[in-house]
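The lines below spell out each chain.
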Protein chains: 2
Amino acid sequence: MTDHMDFYFDFSSPYGYFASTKIEALAAEFNRKVKWKPILLGPMFKAAGSAPLTEVPLKGDYSRHDFQRTADLFDIPYQQPDPFPIGTVHAARALLYMLQIDERLAVKFAHRTFRAYFVEQKNIGEAGIVLELAEQTGIDTAELAAGMVREDIKALLKAEVDAAMARGVFGSPFIFVDDEPFWGFDRFDYIRKWLRKTAKLSDQPS
Amino acid sequence: MTDHMDFYFDFSSPYGYFASTKIEALAAEFNRKVKWKPILLGPMFKAAGSAPLTEVPLKGDYSRHDFQRTADLFDIPYQQPDPFPIGTVHAARALLYMLQIDERLAVKFAHRTFRAYFVEQKNIGEAGIVLELAEQTGIDTAELAAGMVREDIKALLKAEVDAAMARGVFGSPFIFVDDEPFWGFDRFDYIRKWLRKTAKLSDQPS
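Residues numbered from 1 in each chain as written. Chains lettered and ligands numbered in written order. Predicted model: local features only at pLDDT ≥ 70, side-chain atom pairs only at ≥ 80, totals over all residues. Heavy atoms only, no water.

**Some thoughts on the sheet that holds strand E2 (residues 33-38) of chain A**
Residue and element names in this part refer to chain A. Here we have 4 strands laid out as an open sheet, ordered E2-E1-E3-E4, and mixed in their pairing. Looking along the sheet, the strands with just one partner apiece sit at the ends: E2 and strand E4 (180-183). Adjacent strand axes in the sheet meet at a mean angle of 20° when their direction is disregarded. When strand E1 (residues 4-9) meets strand E3 (residues 174-177), the two strands line up antiparallel, connected through 4 bridges. Paired with methionine 5 across the two strands is valine 177, which belongs to E3. Relative to the sheet, helix H4 (residues 89-101) contacts E1 and E2, its axis offset from that of E2 by approximately 140°. Seen against the sheet, helix H8 (residues 151-167) touches E1, E2 and E3 and runs at an angle of roughly 110° to E1. (Pairing = 2+ DSSP bridges. Helix = DSSP H or I, 4+ residues; strand = E, 2+ residues; numbered from the N terminus. Axes fitted to C-alpha atoms, helices over the stretch in contact; angles between N-to-C directions. Contact = heavy atoms within 4.5 Å.)

**Quick look at the confidence of the model for chain A**
In this model, chain A carries a mean pLDDT of 93, and residues with pLDDT of at least 70 account for 97%. This complex was scored by the predictor with a pTM of 0.92 and an ipTM of 0.88. (pLDDT = per-residue confidence, 0-100.)

**Notes on the interface of chain B and chain A**
In this complex, chain B contributes 32 residues to the contact, which on the side of chain A involves 32 residues. For the pair chain B and chain A, the two sides together bury roughly 3000 Å², of which 62% comes from carbon and sulfur. For the chain B face of the interface with chain A, the top three residues by lost area are Leu58, Tyr62 and Tyr190 of chain B, together amounting to 22%. Our count for the contact surface shared by chain B and chain A stands at 6 salt bridges. For arginine 187 of chain A, the salt bridge identified is with aspartate 66 of chain B, shortest N-O distance 2.5 Å. Joining chain B to chain A, the criterion identifies 14 residue pairs in polar contact (both at pLDDT 80 or more). Elements represented by at least two residues in the side of chain B that touches chain A include exactly helix H2 (41-48), helix H3 (59-73), strand E4 (180-183) and helix H9 (188-203) of chain B. For the side of chain B that touches chain A, the element with the most residues is H3 of chain B, which contributes 8 residues. (Buried area = accessible area lost by both parts, 1.4 Å probe. Salt bridge = Lys/Arg side-chain N within 4 Å of Asp/Glu carboxyl O. Polar contact = N/O pair within 3.5 Å; in protein donor to acceptor, adjacent residues only side chain to side chain.)

**Details of the environment of alanine 155 of chain B**
Its location among the elements puts alanine 155 of chain B in helix H8 (residues 151-167). Taking the relative accessible area as the measure of exposure, alanine 155 of chain B reaches 43% and is therefore partly exposed. (Buried < 20%, exposed > 50% of the residue type's maximum accessible area, 1.4 Å probe, protein only.)

**What about the relation of the copies chain B and chain A?**
Superposition of the two copies of the chain requires a rotation about an axis and a shift along the axis. Once chain B is rotated about the relating axis by 180° and shifted along it by 0.0 Å, it coincides with chain A to within an RMSD of 0.0 Å. Here the two chains are linked by the operation of a two-fold rotation axis. Judged by C-alpha distance, aspartate 186 of chain B is the residue of chain B that lies nearest the rotation axis, at 3.1 Å. Most of the interface of chain B is mirrored in chain A, where 100% of its interface residues again form contacts. (Least-squares fit on C-alpha atoms with pLDDT ≥ 70 in both.)

**Re helix H6 (residues 127-137) of chain A**
Buried residues of H6 of chain A: Ile129, Val130, Leu133, Ala134 and Thr137 of chain A, and no others. Angular distribution of buried residues about the axis of H6 of chain A spans 140°; they occupy a single face of the element. (Arc of directions from axis to C-beta.)

**Details of the sheet that holds strand E2 (residues 33-38) of chain B**
Residue and element names in this part refer to chain B. Taken in spatial order, the 4 strands make up an open sheet running E2-E1-E3-E4, and their pairing is mixed. What marks the edges here is a single partner per strand, and that holds for E2 and E4. With direction set aside, neighbouring strand axes in the sheet form an average angle of 20°. With 4 bridges connecting them, strand E3 (residues 174-177) and E4 associate as antiparallel partners. Residue isoleucine 175 lies in a different strand from E4, and its bridge partner there is phenylalanine 182.

**Considerations on the environment of leucine 96 of chain B**
All names here are of chain B. For leucine 96, the position within the fold is in helix H4 (residues 89-101). For the pair leucine 96 and glycine 147, spaced 51 residues apart in sequence, the C-alpha to C-alpha distance is 9.5 Å. Leave out the neighbours within four places in its chain, and leucine 96 touches Pro38, Leu156, Leu157 and Glu160.

**Some thoughts on the environment of leucine 195 of chain A**
Residues and elements named next belong to chain A. Along the polypeptide, leucine 195 turns up in helix H9 (residues 188-203). Spatially, the C-alpha atom of leucine 195 lies 7.7 Å from that of phenylalanine 30, the residues being 165 residues apart in sequence. Excluding its chain neighbours within four sequence positions, the residues that come into contact with leucine 195 are Met5, Phe30, Arg32 and Val177.

**Brief notes about the packing of helix H5 (residues 103-118) of chain B against helix H6 (residues 127-137) of chain B**
Angle between the axes and distance between the axes: these two values describe a pair of packed helices. Residue and element names in this part refer to chain B. In the contact formed by H5 and H6, the axes pass within 9 Å of each other and the chain directions differ by 130°. Classed by the angle they form, the pair H5 and H6 counts as oblique. Pair H5 / H6 crosses with right-handed handedness. Across from Leu105, Lys108, Phe109, Arg112, Thr113 and Ala116 in H5, the residues of H6 making contact are Val130, Leu133, Ala134, Gln136 and Thr137. Looking at the contact of H5 with H6 residue by residue, the classes come out as 6 nonpolar, 3 polar and 2 charged. (Parallel < 35°, antiparallel > 145°, perpendicular 65-115°, else oblique. Left-handed = near helix turned anticlockwise from the far one by under 90°. Nonpolar A, V, L, I, M, F, W, Y, C, P; charged D, E, K, R; others polar.)

**Quick notes on the packing of aromatic side chains**
The description of an aromatic ring pair uses the distance of the two centres, along with the angle that the planes make with each other. Residues and elements named next belong to chain A. Summed over all chains, the structure comprises 58 aromatic pairs over all chains. Geometrically, the ring pair formed by phenylalanine 67 and phenylalanine 84 is edge-to-face, given 5.9 Å between the ring centres and 70° between the ring planes. Of this pair, phenylalanine 67 sits in helix H3 (residues 59-73) while phenylalanine 84 sits in the loop between H3 and H4, and the two are 17 residues apart along the sequence. The class for phenylalanine 84 is partly exposed, based on a relative accessible area of 21%. (Phe/Tyr/Trp six-rings, centres within 6.5 Å; stacked < 30°, edge-to-face > 60°.)

Set out below in structure tokens:
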């Protein structure tokens, strides 16, 4: 048993954004913390032979409808972004850098970035926008600008994506509770059921 | 508003099976009936450029794990079938034929068929097994054997699959409540939320 849950997401993923708005409350229900793990879906889709949801015939229309409906049903602010999807390498590197410096600020930045893309129509694919959002979060942007292009940070993101895939991650959001994998915002209830069951089992005399 | 929900499924789909065990109770909560709509995923996967879950890299392992976990979390009897997935054209035609003759018996047969495949390791891909299950359900198997190979029944299944795709169906289970589409067993809570919201809206003076 660990005291956290690993939250893998791509900043360009609507269900990743929805998860980001609820996961801290979910983790808190079970006295756990969230480990934020930015990844890139591009390399994963390549490995799994899949594609962005909205580009798949039939699934595309359904997905766009389901994004907005999910937002409505769960009372989450949402505006379908355009362009979509986008590459989020700058945002991911920025978050990884920030997580090394100040976890609290980093998480604040992650929320700010998701909101900028999915509510405010800001193109977070651009490094300039990422720095702007960091500044609004109270981050030293000169340091961040230097940090997010450092070779070790670039290598770290690559390693994180590889490690995630080795662990079985193929989509966003993807959550590990201990070693139990959960794919999708629609698995939050499974996480609850699973944690309650696990808690019950560990209450029993061994 | 209609008084039913359309339940599209492939007899070889685990999440379709899970849905089949809960959908009548879900529909009853809202005074609706279930219209059983057997389809074949093969032509849909071809159109959407997708493949059976278990054959997709990375997703395959996760899916197999999630089938069993879903069964456990929702207290649904389950044994991963082998062979899997299978062609279910005979079972689908048999159900379509039965639905024309006696809806109550047809639904009983549908439940019996799902259970045979996902609990009892029976290969429901074989026409002989389908007839055996029909007999156990109290269906006249001589009539059914003749009915399920009739040209109009074959054409009906093809038309049903085409109509489903035209409506946007690309997976199993796929449920329409009025014209609202829901894909997946993990959308049952969405259906509840959506129906409550719709009921509330229609209560308001117009």
